[in-house]
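Okay, here's what each chain looks like letter by letter:
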Amino acid sequence: MAGSKMKVAEELVDGEKIVRVRMSCWNPVAFFLLLWWSFWTFGVVSALKKAVSDPSIIVWLLIALPADVVVFWLMMLMFFGKRVITLGGGKGSVFTGVGPVGFTKRFACDRTARLLIEERECHSKRGTYTQYELMLRNYTGPAKDVRIYDDTERGSVEGVRDALVKGLGLTDAVPSVREAAEAGALGEKPVVILAGRNDRK
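What you are looking at is a predicted structure, and each value in this text was computed from that prediction instead of being measured. (Residues numbered from 1 in each chain as written. Predicted model: local features only at pLDDT ≥ 70, side-chain atom pairs only at ≥ 80, totals over all residues. Heavy atoms only, no water.)

Trainee: Can you tell me about the sheet that holds strand β8 (residues 145-151), naming the residues and giving the values?
Mentor: If you walk across this open sheet you meet the three strands as β6-β7-β8, and the pairing is antiparallel. Strand pairing shows two members of the sheet lacking a second neighbour, β6 (114-124) and β8, which therefore form its edges. Each neighbouring strand pair of the sheet contributes to a mean axis angle of 30 degrees, computed without reference to strand direction. Pairing of β6 with strand β7 (residues 127-137), which is carried by eleven bridges, proceeds in the antiparallel orientation. Within β7, the residue paired with H123 across the bridge is T128. Each of β6, β7 and β8 is contacted by helix α3 (residues 154-168), which is oriented at about 165 degrees to β6, the strand it contacts most. (Pairing = 2+ DSSP bridges. Helix = DSSP H or I, 4+ residues; strand = E, 2+ residues; numbered from the N terminus. Axes fitted to C-alpha atoms, helices over the stretch in contact; angles between N-to-C directions. Contact = heavy atoms within 4.5 Å.)

So this is what it looks like as structure tokens:
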């Protein structure tokens, strides 16, 4: 996430420690979107005026108007948006939006959850690059791996992981799957580790 600045907050809710990691969604691509959106919107407005005398233009507008709204939302997100990762109390969430408006992904976080950093090779017209993904892996609940953050900069992903680990006071001990499941049943302390892309045994 280009230009993101991380802020960490901790609080107690019903005796459970909650950690929130907040980051800006700022991205310089927003300037390109602003230029593109300006020309596109000008075309949409012109088409709306012509639609009065030429109803066939309405078909194009049915496609153009939703695209205009989507690009505007992405532009606002890159200029003023935020991503907030909340973890603790047996659950977690990731909010992405502008102010109070946005989307929230909610998930379980059992007592043996592990945070894994995985690498994924991606291809684009500009070449090949590596995407780093921060995954939350549960052992005792129905939900398994949940992606809570990703970036092309490993340091950014490690910073989010370290903030969550430090804030929740987790250990870096590595349990087996069976030991993790048993620890969850006994209500022991959560376990968080760092793993690479091959840690999927």
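Trainee: Any details on a nonpolar patch on the surface? Residues and values, ideally.
Mentor: A contiguous nonpolar patch, built from V29, F32 and W36 and spanning about 290 Å² of accessible area, is present on the exposed surface. Tracing the sequence through the fold places W36 in helix α1 (residues 29-50). A relative accessible area of 34% means that W36 is categorised as partly exposed. (Patch = residues over 30% accessible without salt bridge, like charges linked within 9 Å, V, L, I, M, F, W, Y side chains within 5 Å. Areas by Shrake-Rupley, 256 points an atom, 1.4 Å probe, with all protein chains shown as cover. Salt bridge = Lys/Arg side-chain N within 4 Å of Asp/Glu carboxyl O. Buried < 20%, exposed > 50% of the residue type's maximum accessible area, 1.4 Å probe, protein only.)

Trainee: Describe helix α2 (residues 57-80), listing the residues and the values that go with them.
Mentor: Look at α2: 34 Å from first C-alpha to last across 24 residues, which is about the 34 Å you get at 1.5 Å a residue. Residues of α2 that are buried: I57, L61, A64, D68, V71, M75, L77 and M78. Here the buried face of α2 lies against α1 and β4 (91-98). (Expected span 1.5 Å × (residues − 1).)

Trainee: Explain the pairing of β4 to me, and be specific about the residues and the numbers.
Mentor: Summarising burial for β4: six of the eight residues are buried, a large majority. Where strand β3 (residues 82-88) lies against β4, seven bridges are found, and the strand directions are antiparallel. For L87, the partnering residue across the bridge sits in β4 and is G92. The pairing of β4 with strand β5 (residues 101-108) spans eight bridges and is antiparallel. Across the sheet, residue V94 finds its bridge partner in β5, namely K105. Remark: two residues form the turn of the hairpin made by β4 and β5, two consecutive strands paired antiparallel; G99 in that turn has positive phi of roughly 60 degrees.

Trainee: Talk me through the nonpolar core; I want residue IDs and the actual numbers.
Mentor: Counting residues in hydrophobic clusters, the biggest one holds 22 residues, and the most contacted among them are V21, I85, L134, L136, I148, V160 and L164. Elements that contribute at least two residues to this core include exactly β2 (16-24), β3, β6, β7, β8 and α3. In terms of residue count, α3 provides more of this core than any other element does, five residues in total. Once you skip the residues sitting within four places of it in the chain, V21 turns out to touch M6, K7, V8, R83, V84, I85, V160, A163 and L164. (Core = buried A, V, L, I, M, F, W, Y, C linked by side-chain atoms within 4.5 Å.)

Trainee: How would you sum up the pattern of salt bridges? Please name residues and give values.
Mentor: Note on pairing: side chains with opposite charge can pair once their charged atoms come close. One pass over the structure, following the stated rule, counts ten salt bridges. Put simply, E133 and R120 hold a salt bridge, and the shortest N to O gap is 2.8 Å. Here R120 lies in strand β6 and E133 lies in strand β7, a separation of 13 residues in the sequence. Overall, E133 belongs to the buried group, its relative accessible area being 9%. With a shortest N-O distance of 2.4 Å, R161 and D162 are connected by a salt bridge. With a relative accessible area of 11%, R161 lands in the buried category. What emerges from the salt-bridge pattern is a single network uniting R120, E133, R147 and D150.

Such coordinate-based values are descriptive only and should not be taken to indicate function.
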